[in-house]
Amino acid sequence: MLVVQKFGGTSVGTIERIRHVANWALDSQARGDDVVLVVSAMSGETNRLVELATQINPIPYSREYDMMIASGEQVAVGLVSLAINTEAEKRGLISKEQAYRARPLLGHQIGIRTDSVFSKARIQAIDTQLLRKEILKGVIPVIAGFQGVDPENNITTLGRGGSDTSAVAIAAALRADDCEIYTDVDGVYTTDPRLCPRARKISRISYEEMMELASLGAKVLQIRSVELAAKYKLPLHVRSSFNPVEGTRVVAKELLLSQQMEQVVVAGVAADKDQVKFTLQNIQDKAGVAAQIFGALSAASIVVDVIVQDVPSNGIITVSFTVGKSDHLNARQILAGLQATPSLSSMKMVEETDLAKVSIVGVGMQHHPGVASRMFTLLAEAGISIKLITTSEIKVSCMIDGALVQKAVQCLHTGFNLDRVE
Ligand code: ADP
Ligand code: MG
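Not measured: the values here are computed from a predicted model.

(A) Main features of helix α13 (residues 405-415). Along α13, the positions that sit buried rather than exposed are Val 405, Ala 408, Val 409, Cys 411, Leu 412, His 413 and Gly 415. Contact partners of the buried residues in α13: β13 (268-284), β16 (348-361), α12 (371-381) and β18 (395-401). Asn 417 lies just past α13 and shows a positive phi near 55°.

Right, here's the structure in full:
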């Protein structure tokens, strides 16, 4: 078996944890598997780097910014590799013929090619030649997550949680048998266990549900890693690096349906605290204004969510939409630029920053009417008012006051019978 093991920030957060990862990888290898590691920066490090950059320019998305925030992973792969080689030496695994057991590798060294969208780059190709050569020699490649290199040889980064996507892309490129995501929780829960102590661990979940949960704020997996895993039908195993128990398997829907007598309606609750709402008022209702606004935002790779356009009154319209907090300043700058164009010169811009989105997700919803209205009732009973609503086949999302997010998550979790039974 070829196994790709990804270790997140907390899992390599201290020297003691790094030694644990080294021994874990060597133990996996001793059981007969070929092992490839993908490693994130030590916990807290990327935040520290972002803070440094922000002191100079608060808007991300530049060559310099990516070059700098990618450096945490370089330290981590160096340390993990050093730890593996040191532990291997203690185990008597280092010899003249086999001078090293692990080799640290940065994205560009193994040709992780991406596009040029700094801070949100997408992986386009990975060259597996060097990896295969090392694996054949019994070496464990220790690869820096979160980073790649663009056609101009600039270092790029893949967005928050991007190491998950690095791991899945590498596993797909190597046609690995398994991709294990080691983190600080035992698996994927029915909601963020930090927001709701009654959350339950899910033993199996479909790619579709996991994609929705991830895109709606469950940061346990980056959404793009789940999209890629689904595309290549690569099974993911989300598990704890602190506790060797079985975690959560993310698998194809067909595999799940055949095992469950009755489909659960709501699989999980997600929350995303970092939402900013823009309201654009006093826009002349002319053909093409929406295209102009959202075209400009999308050209800057800003993902816009929950768009609402009011009925025109006296030829004037109001458009509201939300973006993630990391896109806040960039979006503001682009909208300010649009105000300088003749067709949008009368536009006024209002921002609301302390908003959260709570969502319920479940493939079973498609066949059960009344799920959305039950959600609205539960929120109303908890005294939480809803500012915007969006739905799709397998999810319902409500925008609410950010201060009420924990209360909302807990009341939905209980209301949809997700609480752990003691
Ligand atoms: P890593 O550094 O290992 O990538 P992350 O912090 O990115 O770890 O992701 C793990 C965290 O995701 C958990 O500590 C938990 O608070 C959060 N989380 C949010 N939603 C969920 C969920 N549904 N199930 C499990 N964890 C969740
Ligand atoms: Mg993560």
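So, next bit.
(B) Quick look at helix α11 (residues 328-339). The end-to-end C-alpha distance of α11, which contains 12 residues, comes to 17 Å, matching closely the 16 Å that a straight helix rising 1.5 Å per residue would cover. Considered for burial, the residues of α11 that qualify are His 328, Asn 330, Ala 331, Ile 334, Leu 335 and Leu 338. Along α11, the residues classed as buried sweep out an arc of 165° about the axis, all on the same side. Here the buried face of α11 lies against β13, α10 (289-299), β15 (316-324) and β16.

(C) Layout of the pattern of salt bridges. A complete count under the given rule lists 19 salt bridges for this structure. Residue Glu 134 is joined to Lys 137 by a salt bridge in which the shortest nitrogen-to-oxygen separation is 3.5 Å. Residue Glu 246 is joined to Arg 249 by a salt bridge in which the shortest nitrogen-to-oxygen separation is 2.8 Å. For Glu 246, a relative accessible area of 44% corresponds to the partly exposed category. Relative accessible area serves as the criterion here: at 24%, Arg 249 is assigned to the partly exposed category.

(D) Local environment of the sheet that holds strand β14 (residues 304-309). The six strands are arranged β14-β15-β13-β16-β18-β17 in an open sheet whose pairing can be described as antiparallel. Only two strands of the sheet have a single neighbouring strand rather than two, namely β14 and β17 (388-392). Neighbouring strand axes in the sheet, compared pairwise and without regard to direction, differ in orientation by 25° on average. Inspection of the sheet shows β16 paired to β18 by seven bridges, in the antiparallel sense. Paired with Val 361 across the two strands is Lys 395, which belongs to β18. Packed on one face of the sheet, α11 meets β13, β15 and β16 and runs near 135° to β16.

(E) Structural detail: the packing of α10 against α11. Contact geometry for α10 and α11: axes closest at 10 Å, N-to-C directions at 140°. Looking at the two axes, α10 sits oblique to α11. Considering only the axes of α10 and α11, their crossing is right-handed. Only Ala 331, Ile 334, Leu 335 and Leu 338 of α11 make contact with α10, whose side of the interface consists of Gln 292, Ile 293, Ala 296 and Leu 297. Its residues assigned to classes, the contact of α10 with α11 shows seven nonpolar, one polar and no charged.

(F) The packing of helix α1 (residues 15-30) against helix α4 (residues 71-90), seen in detail. The N-to-C vectors of α1 and α4 enclose an angle of 60°; their axes lie 8 Å apart at closest approach. In terms of orientation, α1 and α4 fall into the oblique class. The handedness of the crossing between α1 and α4 comes out as right-handed. Taken together, the residues of α4 that come into contact with α1 (itself represented by Ile 15, Ile 18, Arg 19, Val 21, Ala 22, Asn 23, Ala 25 and Leu 26) are Leu 79, Val 80, Ala 83, Ile 84, Glu 87 and Ala 88. Of the residues assigned to the contact of α1 with α4, the class counts are 11 nonpolar, one polar and two charged.

Cut-off values and rules
Residues numbered from 1 in each chain as written. Chains lettered and ligands numbered in written order. Predicted model: local features only at pLDDT ≥ 70, side-chain atom pairs only at ≥ 80, totals over all residues. Heavy atoms only, no water. Buried < 20%, exposed > 50% of the residue type's maximum accessible area, 1.4 Å probe, protein only. Helix = DSSP H or I, 4+ residues; strand = E, 2+ residues; numbered from the N terminus. Contact = heavy atoms within 4.5 Å. Expected span 1.5 Å × (residues − 1). Arc of directions from axis to C-beta. Salt bridge = Lys/Arg side-chain N within 4 Å of Asp/Glu carboxyl O. Pairing = 2+ DSSP bridges. Axes fitted to C-alpha atoms, helices over the stretch in contact; angles between N-to-C directions. Parallel < 35°, antiparallel > 145°, perpendicular 65-115°, else oblique. Left-handed = near helix turned anticlockwise from the far one by under 90°. Nonpolar A, V, L, I, M, F, W, Y, C, P; charged D, E, K, R; others polar.

These results come straight from atomic positions and should not be treated as a statement about function.
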